[in-house]
Amino acid sequence: MMVLASIFDTISIQHYLVLSTILFVIGVFGVLTRKNAIILLMCIELMLSSVNLLLVAFSTYFGDVSGQLFVFFIMVVAAAEATVGLSILVLLYRNTRSVDVGLFNKLKG
Amino acid sequence: MSIEQLIPLIIAIPLIGGFINGVFGKKLPKVIVGSIATFAVFTSFFLALSVFFKLEESVTVDLFTILNLENIQLNARFLVDNLSIWMTMIITGVGALIHLFSMGYMSHDKGYYKFFTYLNLFIFAMLILVLGSNYFMLFFGWEGVGICSYLLIGFHYSDVEKGLLNGLAARKAFIMNRIGDLGLLIGLFMLLANFGTLEYTELADKILTQGISYSEGALFIITLCLFIGATGKSAQIPLFTWLPDAMAGPTPVSALIHAATMVTAGIFLVVRSNFLFELAPSTQDIMLYVGLLTSLVTAFIAMRQNDIKKVLAYSTVSQLGFIFVALGMGAYTAAIFHVTTHAFFKALLFLGSGSVIHAMSDEQDIRKMGGLKKYIPITNITFLIGTLAISGFPLLSGFFSKDEILAHAMHHNTIIYILLAFSALLTAIYMFRLYFVVFHGSFRGSDEAKSHLHESPLNMTLPLIVLAVLSVIGGLLNIPSLLGGHHWFTHLLNENVAGLSRVAELHITDGETLMLMISASVLTLIALFFSYNVYVKKNNVPVNDHEIKGWTKLSANKLYFDEVYNSLFVKPIEWKSTKLYSLVEVVILNGIISSLTKLLSGLSELVKKWQSGKTDSYILWMVFGIVGLVIYYLVKI
Amino acid sequence: MNIETVFWILGALTIGSALMVILSTHPVRSILYLILTFFMISANYILMNAQFIAIVNIIVYAGAIMVLFLFVLMMLNLSQSNEPKSPVKMVAAAVIAGGSLLVVLVAAMRDSFVSASNIVSTTNQQGLVENLGKELFTTYVLPFEISSVLFISAIVGAVVLAKREKQIID
């Protein structure tokens, strides 16, 4: 078991903050721009991953293991969410023969 | 039971009767409904009678305090003195007889139970008016009788041919009363402002005993305003035109409200405030002249009226004018005496006319009547007695009461006496005209009406008989010393009514009384023979409408009073209100409200565009929202 | 070659592959780029000595979830589909939204910088499996159990939702 020195002896936490935020924003941009429902769900996973990254960074920074445990649980939730989301997608496809999000506007009001 | 317990009972029993009839009356049989109402009023009468016999000093019965502020206290309190209990007895006594009459008269009417409810409510309101111990209770009863009068005049509002007229007559009565009420209210407010109290006893105390200082001008205006209120309710010039129109209501209503009770409310008000009026001689003069003018004018109009009830209506106004003349001279007890006898014979005459109308199958034009004495004998005799009484036939009740007023007039001013005597003469002439045209001669109506002629049932003729007896013996109340009496009634009122004992008494010698009596009797007999001559001997019959000429035209058209009022007051107000309606209501108010609604719906259209149903736009706005939130927290911290 | 350079290279690669996820036209390519992104993130984890998380990231995310996505994509036969382009207005709005979000978040984080004196220990041992396991099964055992319930409900839900309806034979 190799034990590396804490990375935060050299770089500061700001770097990881910015990196994570950029990844998050890229995810948001993807959600807003893409019309394919599957890509939409993937971008959501990307957003969740960026949050994971930040959590682990902070856990390393503070030496607290709860951060990584939380990442664990986020992964659990992400997995469940992806599963259910995809099954809903399949159902939608069956009824409408398309996964274009722009077509699903029955709640227009 | 003590007086304190009886008085609330006297007032409450008609209210309860009205309530029972109002709520359950629709399902009860007609006999029960009428009996409950009549019985309630009879009970009140007997209770009032027992109170009358027990009463010595004036009694105050306190119920509860309505308002208790620093400057004003308003109490629900009753004052029982001889005046109020006497009025109570008249109201309940004559009222009970009229209730009995209505049981027969209104027996074919659909709204039977409603009628009796309103009648009982009216009695309730009128009792509060006379028994109240302060002006506030009086006003409460005043308004109450106004409403009941409105309801009862317009009772047949859904009648096919006359429904609209009935409604309009009711409205006219109410509005004219309202004008008078405004005067009354101003008077009350000024009373409160100047003296700080509305209680009769406290006011009498302050003015008579304590000698509180007051301004002459204020007192003049107060009494003038009170008189205006009385003018409205008691139908004097200029607010009298509602009374003839009010004859559109059923006859018992005319008898009760517009002959015996409600129209006497104004007179009661003045008598109650006698100490105020005694200190405002200018108002007394105004009262006198207005009353005199009213009496003469309406007597003139009555000379050529052809509806049996309208003649009686104008005669009521004329008699009330008479009484106001008496009040203007400070003859308060004489006024109440005449009110009493007037209640008897006027109610008798109205009920008699009701009996005639009933026999004539609802025909009211006297030109279509005639020779009825063969067919309806009891009505004939009682009507004759009533006519004799109102004309002042010697020794009947009207003779004594008119004579007292004439005596006061002669001492006051000879010209007024002459004019008043002339008015009495006219009264006798047109009343006998009425009697002879209706009951003598030959029948002028249709054959179909002739076949229906029948005497009224007992519950209608019995009140007639009782009232006829009262009209005959009513004079016994206040017999002058000439004939061996000692003015019992005057002493009765002077005993415990505040202020009356201080009014200067009339000192009249026996010789003068005799002369007055003889001259009055002579006038009456002249009138009797004149009418007899014209209408029986020469068989003169009132002409049809299109044949009227000359001075009779003025009389028949009621001196064009209604038309003048219409063009002076009614039409401009109607014009103004239409203009205001089309401007304010339609343009401004509607415009504001509709523009408000358009604004709102426009806004909602705008907001609706946000809900596009597309996920990406939702997420976009969510992101913007988050950005906004974070900025907000950044900036705040 | 110090650690900072490694960080910069890894960071650039991560961002680059993320951008390619959203910018590529072909859905399959997007998924592949996303797998690459996950690998990069795992590398970041290893850089921070979070060994367990790194491995789990690859196994769960890149291995299971992305494969699932790929399955669905293939099953629905969308690999050749052309999706309509978003209107320019939307792209512009999205850029603005994303950009402003970025700026605002960075500014917020800059402001609330936590001082270094709060750090308890810097032994950097916390990423090791032992330590993770110790915490997980003592303090966080309840969420652990509940997550298994969550999984079961997700499975049941997915099966119920995607089941084919029975054809009713008249």
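Residues numbered from 1 in each chain as written. Chains lettered and ligands numbered in written order. Predicted model: local features only at pLDDT ≥ 70, side-chain atom pairs only at ≥ 80, totals over all residues.

(A) Focus on the overall build of chain C. When its secondary structure is counted, chain C shows 6 helices and 0 strands. Overall, chain C shows an N-to-C arrangement of helices and strands of α-α-α-α-α-α. Burial status across chain C gives 22% buried among its 170 residues. Sequence-distant contacts in chain C: of pairs separated by 6 or more residues, those separated by 24 or more amount to 54%. (Helix = DSSP H or I, 4+ residues; strand = E, 2+ residues; numbered from the N terminus. Buried ≥ 20, exposed ≤ 12 C-beta atoms within 10 Å, placed from the backbone. Contact = placed C-beta atoms within 7 Å.)

(B) View of the overall build of chain B. Along its length, chain B carries 25 helices and 2 strands. For chain B, buried positions account for 49% of its 637 residues. Within chain B, counting contacts between residues at least 6 apart in sequence, those at least 24 apart form 81% of the total.

(C) Fine view of the interface of chain C and chain A. On the side of chain A, 62 residues touch chain C, which itself brings 72 residues to the contact. Looking at the side of chain C that touches chain A, the elements with two or more residues in it are helix H1 (3-23), helix H2 (27-47), helix H3 (51-75), helix H4 (88-111), helix H5 (129-138) and helix H6 (141-162) of chain C. When residues of the side of chain C that touches chain A are assigned to their parent elements, the largest contribution, 11 residues, is made by H4(C). Counted by class, the side of chain C that touches chain A contains 50 nonpolar, 19 polar and 3 charged residues. (Nonpolar A, V, L, I, M, F, W, Y, C, P; charged D, E, K, R; others polar.)

(D) Main features of helix H18 (residues 414-439) of chain B. Over its 26 residues, H18(B) extends 37 Å from the first C-alpha to the last, a length consistent with the 38 Å expected when each residue adds 1.5 Å. After H18(B) finishes, the residue Gly441(B) shows a positive phi value of roughly 80°. (Expected span 1.5 Å × (residues − 1).)

(E) Quick look at the packing of helix H15 (residues 332-359) of chain B against helix H21 (residues 488-496) of chain B. All names here are of chain B. At their nearest, the axes of H15 and H21 sit 9 Å apart, and the two run at 115° to each other. Seen from above, H15 lies across H21 with right-handed handedness. Facing Thr333, Ile336 and Phe337 of H15, the residues of H21 in contact are Phe489, Thr490, Leu493 and Asn494. Here the residues of the contact of H15 with H21 sort into 4 nonpolar, 3 polar and no charged. (Axes fitted to C-alpha atoms, helices over the stretch in contact; angles between N-to-C directions. Left-handed = near helix turned anticlockwise from the far one by under 90°.)

(F) Structural view of the confidence of the model for chain C. All names here are of chain C. With 83% of its residues at a pLDDT of 70 or more, chain C has an overall mean of 84. The least confident element of chain C is H4, whose mean pLDDT is 84; the most confident is H2, at 92. Listed scores for the predicted complex are pTM 0.69 and ipTM 0.89. (pLDDT = per-residue confidence, 0-100.)

(G) Representation of helix H11 (residues 265-272) of chain B. For H11(B), a buried count of 8 out of 8 residues is recorded, marking the element as mostly surrounded by other parts of the structure. Listing the buried residues of H11(B) in full gives Ala265(B), Gly266(B), Ile267(B), Phe268(B), Leu269(B), Val270(B), Val271(B) and Arg272(B).

(H) Molecular detail of the interface of chain B and chain A. Listed by partner, the interface residues are 10 residues for chain B and 10 residues for chain A. With 5 residues, helix H25 (residues 615-636) of chain B is the single largest residue contributor to the side of chain B that touches chain A. Partitioning the side of chain B that touches chain A into residue classes produces 3 nonpolar, 4 polar and 3 charged.

(I) View of the nonpolar core. Ranked by internal contacts, the top residues of the largest apolar core, which has 194 residues, are Phe122(B), Ala335(B) and Ala347(B). When residues in this core are grouped by element, the largest group, 17 residues, is from helix H4 (residues 112-131) of chain B. Look past the residues within four positions of Ala347(B) in its chain and what remains in contact with it is Val94(B), Ile98(B), Ala255(B), Ala259(B), Ala260(B) and Leu467(B). Tyr16(A), Leu40(A), Ala18(C) and Tyr33(C) belong to the second largest nonpolar core, which has 68 residues in total. (Core = buried A, V, L, I, M, F, W, Y, C linked by C-beta atoms within 7 Å.)

(J) Expanded view of the pairing of strand E2 (residues 73-80) of chain B. Residue and element names in this part refer to chain B. Relative to E2, strand E1 (residues 59-68) runs antiparallel, the two being bridged by 8 bridges. Within E2, the residue paired with Thr65 across the bridge is Asn75. Hairpin connection of E1 to E2: 4 residues between the antiparallel strands. (Pairing = 2+ DSSP bridges.)

(K) Geometry of unusual backbone geometry. Residue and element names in this part refer to chain B. For the bond from Ile237 to Pro238, the omega torsion is 0°, close enough to zero to count as cis. Locating Pro238 in the fold gives a position in the loop between helix H8 (216-233) and helix H9 (242-245). Notably, Ala235 is not glycine yet its phi reads approximately 55°, a positive angle. Within the element layout of this structure, Ala235 appears in the loop between H8 and H9. Assessed through the 30 C-beta atoms surrounding it within 10 Å, Ala235 is described here as buried.

(L) Summary view of the environment of Ile479(B). All names here are of chain B. Tracing the sequence through the fold places Ile479 in the loop between helix H20 (458-473) and H21. In this structure Ile479 comes out as partly exposed when scored by C-beta crowding, with 15 C-beta atoms within 10 Å. Sequence separation between Ile479 and Ser397 is 82 residues, and the spatial gap between their C-alpha atoms is 9.9 Å.

(M) Layout of the confidence of the model for chain B. Residues with a pLDDT of 70 or more make up 95% of chain B, whose mean pLDDT is 84. The least confident element of chain B, judged by mean pLDDT, is helix H23 (residues 550-556) of chain B at 71; the most confident is helix H5 (residues 135-153) of chain B at 91.

(N) Representation of the packing of helix H3 (residues 66-96) of chain A against H3(C) in the model. Orientation of H3(A) relative to H3(C), taken along the N-to-C sense of each, is 5°, at an axis distance of 11 Å. Put simply, H3(A) runs roughly parallel to H3(C). Of the residues in H3(C), those in contact with Gln68(A), Val71(A), Met75(A), Ala79(A), Ala82(A), Leu86(A), Leu89(A) and Val90(A) of H3(A) are Ile53(C), Val56(C), Val60(C), Ile65(C), Leu68(C) and Val72(C). (Parallel < 35°, antiparallel > 145°, perpendicular 65-115°, else oblique.)

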